[in-house]
Amino acid sequence: MKKCIYLTAMLLSIASSSFAGNHYWAMNTSVGVNFFGTTDKDMDNIRAYQSSRDYQYGWDPKVATSFHFGFTPEYYINNRISLSTGLRLTNTWSKYESRYDFFYYKTESEGYNTYYYTVRSISQSNTYVGIPLEFRFTIRGSGRPTPYIRAGATFNFRCTTATKTNMYHCEPGIKADIKIPDGDNFTMPVYAAAGIQIGRKNSFCAEFVFPYIVAVGTMTGFGFSDNLGGGFQISYQFAKNKSEE
Amino acid sequence: MKKQLAIICMAAISIITACDTDDSIDRSIWINDSEDYNLPEYSEWGYNTFGAKMGRNYFVSCWHENPCIMEWHNSDKTLELTMNGCQKYKKNSSYDSYAATKEDVSLTIIFPCDSVINNCKKLYLLNGKNFDLTDPDIKVLVKRGDNLQEAITDIRSGELHFKRVQILYVNDRFEEAIVSGTFDIRYVSNGEKTWLSDGRFDLGITPDLFW
């Protein structure tokens, strides 16, 4: 019972504080980086180079890095709670590289014939245009370094894909028809972050993005990526009609 | 002196940067089966491994130089497949890298073919073929340890299935035939009932391994 009263009191205090302050708009410009670790099964066409007894397969697991920047207008319901959306450009980059001279990459089979090519590395870059929807709760009032938490999701749509293959072989003129699947057509990372805001009217924010998973969509359906992401973001906020505290 | 040093350096660099001979495709690569880590998983990559349950133990490929060999007998139009492995005790846990070896075992199956398969590029003709090992035209031979090879005459049931045969080209050059499939056999030898079950093989047959 005490817990219920305490919870109700907390919710009422948050709700009341939401409508207590003045409303205003701010514009954020942000840059960030996220890292993902991925699993071996992402590259089904790479032949294992070592036995599983050796606890490794002979190529480095794909490590994907994602950079983004964006402009997000933010609407402050009061000095504590705000909602934001906007536009964000994200570029993800990943690379497979053999621990040895090369790995075998299997291209599509024709009849009974199967073709392997010796490859040093494969890298891929995907660019997404995204629409973020985020909620921010500032833990203390603004005007000094103030901690906040942010949660939201970004709806990313793939624009471009570029794949680069570094072949390993002696004979000149061999050109493998290596077709690496493009990145997912749609991704939706759902994330939470914690950070601090420094400054009075215009302010600087630095935050740590907690590990999160990504919902992905391809031509065949939707699912969840089994890769965890996490990273950092910094942003600068231009506030309009914000009262000095 | 400087000229000699430069020549030595250039020779060393050329040796270091020269392309390696592409022999790694011949090596055995063991990927644990996700359900039974005593067996290799069924694969079609030419990993040069095989395995089957052998009673309470296992008959598996054991890093022999030639885990498999195939031979065409033109006189009676039969093909001989030999898997050289060993009988291993069950591993105590998946963390054990290697199970203890009981003895070397080789399994040879000689079966008739409708087509002439006199080189390894023609092995694709086996693709999808099933052989009933109780067929009297099929011979099964087992060699255990230092004993002589024994022809198995009392085969109660058995099947050899070539699920997929691929002709492999590496960098557009022919390399080997990848022969993948499954096998099971129950037989009586010297009054002892023996069975090989849940067998699977993924063999790379290079021209050197085809006779």
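Residues numbered from 1 in each chain as written. Chains lettered and ligands numbered in written order. Predicted model: local features only at pLDDT ≥ 70, side-chain atom pairs only at ≥ 80, totals over all residues. Heavy atoms only, no water.

1. Overview of the overall build of chain A
Logical step 1: Helices and strands together make up the secondary structure of chain A, namely 1 helix and 12 strands.
Logical step 2: When its helices and strands are written in sequence order, chain A yields α-β-β-β-β-β-β-β-β-β-β-β-β.
Logical step 3: Per-residue burial for chain A yields a buried fraction of 44% across its 245 residues.
Logical step 4: Surface summary for chain A: the accessible area is close to 13,000 Å², and the carbon and sulfur share equals 65%. (Helix = DSSP H or I, 4+ residues; strand = E, 2+ residues; numbered from the N terminus. Buried < 20%, exposed > 50% of the residue type's maximum accessible area, 1.4 Å probe, protein only. Areas by Shrake-Rupley, 256 points an atom, 1.4 Å probe, with all protein chains shown as cover.)

2. Side note on the overall build of chain B
Logical step 1: In terms of helices and strands, chain B carries 1 helix and 11 strands.
Logical step 2: Walking chain B from its N terminus toward its C terminus, one meets helices and strands in the order α-β-β-β-β-β-β-β-β-β-β-β.
Logical step 3: For chain B, the proportion of its 211 residues judged to be buried stands at 46%.
Logical step 4: Of the accessible surface of chain B, which amounts to about 11,100 Å², a share of 50% is contributed by carbon and sulfur atoms.

3. Examining the pattern of salt bridges
All names here are of chain A.
Logical step 1: This structure, assessed with the given rule, holds 10 salt bridges over all chains.
Logical step 2: Note that Arg150 is salt-bridged to Glu134, the shortest N-O span being 2.6 Å. With Arg150 in strand 7 (residues 146–167) and Glu134 in strand 6 (residues 113–138), this residue pair connects regions lying 16 residues apart in the sequence. Of the two residues, Arg150 and Glu134, neither departs from the other in class, the shared state being buried.
Logical step 3: Beyond isolated ion pairs, a larger network of salt bridges with shared partners links Arg88, Glu134, Arg150 and Glu207. (Salt bridge = Lys/Arg side-chain N within 4 Å of Asp/Glu carboxyl O.)

4. Quick word on the state of the cysteines
All names here are of chain B.
Logical step 1: Inspection of every chain in the model, using the stated rule, returns 1 disulfide over all chains.
Logical step 2: Note on cysteine connectivity: Cys62 is disulfide-linked to Cys86, with sulfurs 1.5 Å apart. Its torsion about the S-S bond being -45°, the disulfide of Cys62 and Cys86 is classed as left-handed. Remark: Cys86 occurs in strand 4 (residues 78–88) and Cys62 occurs in the loop between strand 2 (57–61) and strand 3 (68–73); sequence separation between them is 24 residues. With respect to class, Cys62 is no different from Cys86; both count as buried. (Disulfide = S-S within 2.5 Å.)

5. Examining the nonpolar core
Logical step 1: Counting 52 residues, the largest nonpolar core has B:Leu79, B:Phe111, B:Leu123, B:Leu126, B:Leu160, B:Phe162 and B:Ile205 as the members making the most contacts within it.
Logical step 2: Not counting chain neighbours up to four residues away, the residues in contact with B:Leu160 comprise B:Leu81, B:Ile109, B:Phe111, B:Lys129, B:Asn130, B:Phe131, B:Leu133, B:Thr182, B:Phe183 and B:Phe201.
Logical step 3: In terms of nonpolar packing, the next biggest core, distinct from the first, is built from 14 residues, A:Tyr116, B:Ile31, B:Trp45 and B:Val170 among them. (Core = buried A, V, L, I, M, F, W, Y, C linked by side-chain atoms within 4.5 Å. Contact = heavy atoms within 4.5 Å.)

6. So, the confidence of the model for chain B
All names here are of chain B.
Logical step 1: Mean pLDDT over chain B: 83, with 84% of residues reaching 70 or higher.
Logical step 2: The lowest-confidence element of chain B is helix 1 (residues 2–17), averaging 48 in pLDDT; the highest-confidence one is strand 6 (residues 130–132), averaging 94.
Logical step 3: Note on residues 9–23: pLDDT under 50 across the span, and 9 contacts to partners over four residues away in sequence or across chains.
Logical step 4: Per the prediction output, this complex has pTM 0.70; the corresponding ipTM is 0.81. (pLDDT = per-residue confidence, 0-100.)

7. Some details on the confidence of the model for chain A
Residues and elements named next belong to chain A.
Logical step 1: This prediction gives chain A a mean pLDDT of 77; 71% of its residues lie at or above 70.
Logical step 2: No element of chain A has a lower mean pLDDT than helix 1 (residues 2–20), at 49, and none a higher one than strand 3 (residues 81–85), at 93.
Logical step 3: A low-confidence stretch, residues 14–20 (pLDDT under 50), is modelled with 7 contacts involving residues beyond four sequence positions or located in other chains.
Logical step 4: In this model, residues 53–59 is a region of pLDDT below 50 whose contacts with residues beyond four sequence positions or in other chains number 31 contacts.

8. Notes on the environment of A:Ser82
All names here are of chain A.
Logical step 1: Relative to the assigned elements, Ser82 resides in strand 3.
Logical step 2: If we skip the residues at most four places from it in the chain, Ser82 touches Glu74, Tyr75, Tyr76, Ile77, Glu134, Phe135 and Arg136.
Logical step 3: Polar side-chain contacts of Ser82 include one of 2.5 Å to the side chain of Glu74. (Polar contact = N/O pair within 3.5 Å; in protein donor to acceptor, adjacent residues only side chain to side chain.)

9. Considerations on the packing of aromatic side chains
Logical step 1: Inspection of every chain in the model, using the stated rule, returns 20 aromatic pairs over all chains.
Logical step 2: On the numbers, 5.0 Å between centres and 50° between planes, the contact of A:Trp25 with A:Tyr75 is tilted. With A:Trp25 in strand 1 (residues 24–37) and A:Tyr75 in strand 2 (residues 63–76), the pair connects residues that are 50 residues apart, well separated along the chain.
Logical step 3: Pairing A:Tyr116 with B:Trp45 gives two aromatic rings, centres 5.9 Å apart and planes at 40°, and the pair type is tilted. In this pair, A:Tyr116 is assigned in strand 6 and B:Trp45 in the loop between helix 1 and strand 1 (49–54), connecting two distinct chains.
Logical step 4: Here the aromatic residues A:Phe102, A:Tyr104, A:Tyr116, A:Tyr168, B:Trp45 and B:Tyr47 are joined through ring pairs into a cluster of three or more.
Logical step 5: Here A:Arg136 stacks its cationic end above the ring of A:Tyr148, 4.4 Å away from the centre of that ring. (Phe/Tyr/Trp six-rings, centres within 6.5 Å; stacked < 30°, edge-to-face > 60°. Lys NZ or Arg CZ within 6 Å of the ring centre and 35° of its normal.)

10. As for the pairing of strand 7 (residues 139–144) of chain B
Residue and element names in this part refer to chain B.
Logical step 1: Sheet analysis places strand 5 (residues 101–112) next to strand 7, joined by 6 bridges and oriented antiparallel. Bridged to Ile109 within strand 7 is Val140.
Logical step 2: What sits between strand 7 and strand 8 (residues 150–152) in their antiparallel hairpin is a turn of 5 residues, with Gly145 showing a positive phi close to 55°. (Pairing = 2+ DSSP bridges.)

11. Comments concerning the environment of B:Lys193
Logical step 1: The residue B:Lys193 is located in strand 11 (residues 192–205) in this model.
Logical step 2: If we skip the residues at most four places from it in the chain, B:Lys193 touches B:Tyr187 and B:Val188.

12. Digging into the side chain of B:Asn38
Residue and element names in this part refer to chain B.
Logical step 1: Tracing the backbone through its elements, the reader meets Asn38 in the loop between helix 1 and strand 1.
Logical step 2: Judged by its relative accessible area of 6%, Asn38 is buried.
Logical step 3: Sequence-distant contacts of Asn38, defined by excluding residues within four places in its chain, comprise Trp30, Tyr58, Val60, Tyr89, Lys90 and Lys91.

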